[in-house]
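Structural overview
Spelled out from the first residue to the last, the chains are:
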Amino acid sequence: WADEYLLSRLRKAVFVVRHLKLNSMRLFSILYFLLLTHFSYGQVGISKGVTNSSRKSCVKVISKSGNSSGTGFFVSTDLVATCFHVVSEISIDTLKNIKFNIFQDIQIITEDGDTVSAKCISYPNNQFPEPLIQDFALLKISKPVKNNEVLQLSSYTNQSVGDPIICSGYPV
C-alpha cells in the first residue's frame, strides 16, 4: 500500500507541475521537495491512531539509585518489558567475568503519570543468559495500573530494509 500511495502522490505532483508548465529541473526540485517533506523520518502512511495507541502501552522505567531511565511497555496487565541495561549495572572484572547488579528501586511511570514500583523477574544465569545477552528484562509491577494497554506484538516477520516503523517511548 505504501508503493501505491507513493505512486498516487507522484502522479498528483506531476499533474500540478505540468499544469504550472515548469522546466524539468524545476519539476525535479519540486518532486524531490514533496517527497522529502512527506516521507521524512520513515513515517510512510502510518496513522496517528497507531502511534497514539502505542503510547498507552509505553511506560518510563526509572531507578534513582542506579541513575537510570528508559522505556518499557506492557506485555501483560502486570508485566513490563524493557532493556536489561536500564534496570541493572553491568561490569566486567579483571578476569573478564561479567557481573551485574539489578537495581532494587525500579519504578514505572505511566502515560497518565502514575508511579508504581516494579521488580525484575528475568535474572540471567549460566543456564539462561539471554536477558544479559539479548538485553531484555521483564518487570513485575507491584499493583495494577489504570488505563494501560497491553502492546500487541506482531507475528508478521517479513520485514525488509526500508519498511516503515513506529518509534514510541521515552524520551521520544
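It should be emphasised that the depicted structure is a prediction, and the values quoted were computed from it without experimental measurement.

Along its length, the chain carries five helices and eight strands. For the chain, the proportion of its 172 residues judged to be buried stands at 24%. Long-range pairs, those at least 24 residues apart, make up 57% of the contacts in the chain between residues at least 6 apart in sequence. For the chain, the accessible surface area stands at approximately 12200 Å², while carbon and sulfur atoms represent 57% of it.

Here strand 3 (residues 79–82) shows a buried face lined by Leu79 and Ala81 and a second buried face lined by Val80 and Thr82. Note that strand 2 (residues 68–76) and strand 3 share three bridges and pair antiparallel. Its bridge partner being in strand 3, serine 76 is matched across the sheet by leucine 79. Where strand 2 folds back onto strand 3 in an antiparallel hairpin, the turn is made up of two residues. Looking at chain direction, strand 3 and strand 8 (residues 137–141) are connected through four bridges and run antiparallel.

With respect to the element layout, leucine 151 can be found in the segment after strand 8. A relative accessible area of 28% means that leucine 151 is categorised as partly exposed. Through-space distance from the C-alpha of leucine 151 to that of lysine 56 is 8.5 Å; in sequence the pair is 95 residues apart. Those residues in contact with leucine 151, other than ones at most four positions away along the chain, are Ser57, Phe73 and Phe74.

To continue, consider the sheet that holds strand 8. Overall, antiparallel pairing links the six strands, which are arranged 1-2-3-8-7-6 in a closed barrel. Direction aside, neighbouring strands of the sheet carry axes that sit 40 degrees apart on average.

Moving on: the environment of aspartate 112. Among the structural elements, aspartate 112 can be located in the loop between strand 6 (106–109) and strand 7 (115–120). A relative accessible area of 43% means that aspartate 112 is categorised as partly exposed. Residues aspartate 112 and lysine 146 lie 34 residues apart in sequence; the distance between their C-alpha atoms is 8.6 Å. With sequence-adjacent residues up to four places away left out, aspartate 112 is seen in contact with Lys146 and Asn147.

Take a nonpolar patch on the surface next. On the surface, a cluster of nonpolar side chains totalling about 470 Å² of accessible area is made up of Ile90, Ile92, Ile98, Phe100 and Tyr123. Listed by contribution, the elements that provide at least two residues to the nonpolar patch are strand 4 (88–92) and strand 5 (98–102). The residue tyrosine 123 is located in the loop between strand 7 and helix 5 (130–133) in this model.

Bringing the nonpolar core into the picture now. Counting 18 residues, the largest nonpolar core has Val61, Val87, Ile106, Ile108, Leu139 and Ile141 as its most contacted members. Elements that contribute at least two residues to this core include exactly strand 1 (58–63), helix 4 (84–87), strand 6, strand 7 and strand 8. Those residues in contact with leucine 139, other than ones at most four positions away along the chain, are Val61, Asp78, Leu79, Val80, Thr82, Val87, Ile106, Ile108, Ala118, Lys119 and Cys120.

Let us now look at the pairing of strand 4. Sheet topology note: the strand 4/strand 5 ladder contains five bridges and is antiparallel. From the neighbouring strand, serine 91 faces strand 5, where its bridge partner is lysine 99. Connecting strand 4 to the next strand, strand 5, in antiparallel fashion are five residues, including lysine 96 with a positive phi near 70 degrees.

On inspection of all chains with the given rule, the structure shows two salt bridges. One salt bridge in this structure joins aspartate 78 and lysine 140, with 2.4 Å as the shortest N-O distance. One end of the pair, aspartate 78, is in the loop between strand 2 and strand 3; the other, lysine 140, is in strand 8, and 62 residues separate them in sequence. Measuring nitrogen to oxygen at the nearest pair gives 3.9 Å for the salt bridge that ties aspartate 93 to lysine 99.

About the cut-offs
- Residues numbered from 1 in each chain as written.
- Predicted model: local features only at pLDDT ≥ 70, side-chain atom pairs only at ≥ 80, totals over all residues.
- Heavy atoms only, no water.
- Helix = DSSP H or I, 4+ residues; strand = E, 2+ residues; numbered from the N terminus.
- Buried < 20%, exposed > 50% of the residue type's maximum accessible area, 1.4 Å probe, protein only.
- Contact = heavy atoms within 4.5 Å.
- Areas by Shrake-Rupley, 256 points an atom, 1.4 Å probe, with all protein chains shown as cover.
- Pairing = 2+ DSSP bridges.
- Axes fitted to C-alpha atoms, helices over the stretch in contact; angles between N-to-C directions.
- Patch = residues over 30% accessible without salt bridge, like charges linked within 9 Å, V, L, I, M, F, W, Y side chains within 5 Å.
- Salt bridge = Lys/Arg side-chain N within 4 Å of Asp/Glu carboxyl O.
- Core = buried A, V, L, I, M, F, W, Y, C linked by side-chain atoms within 4.5 Å.

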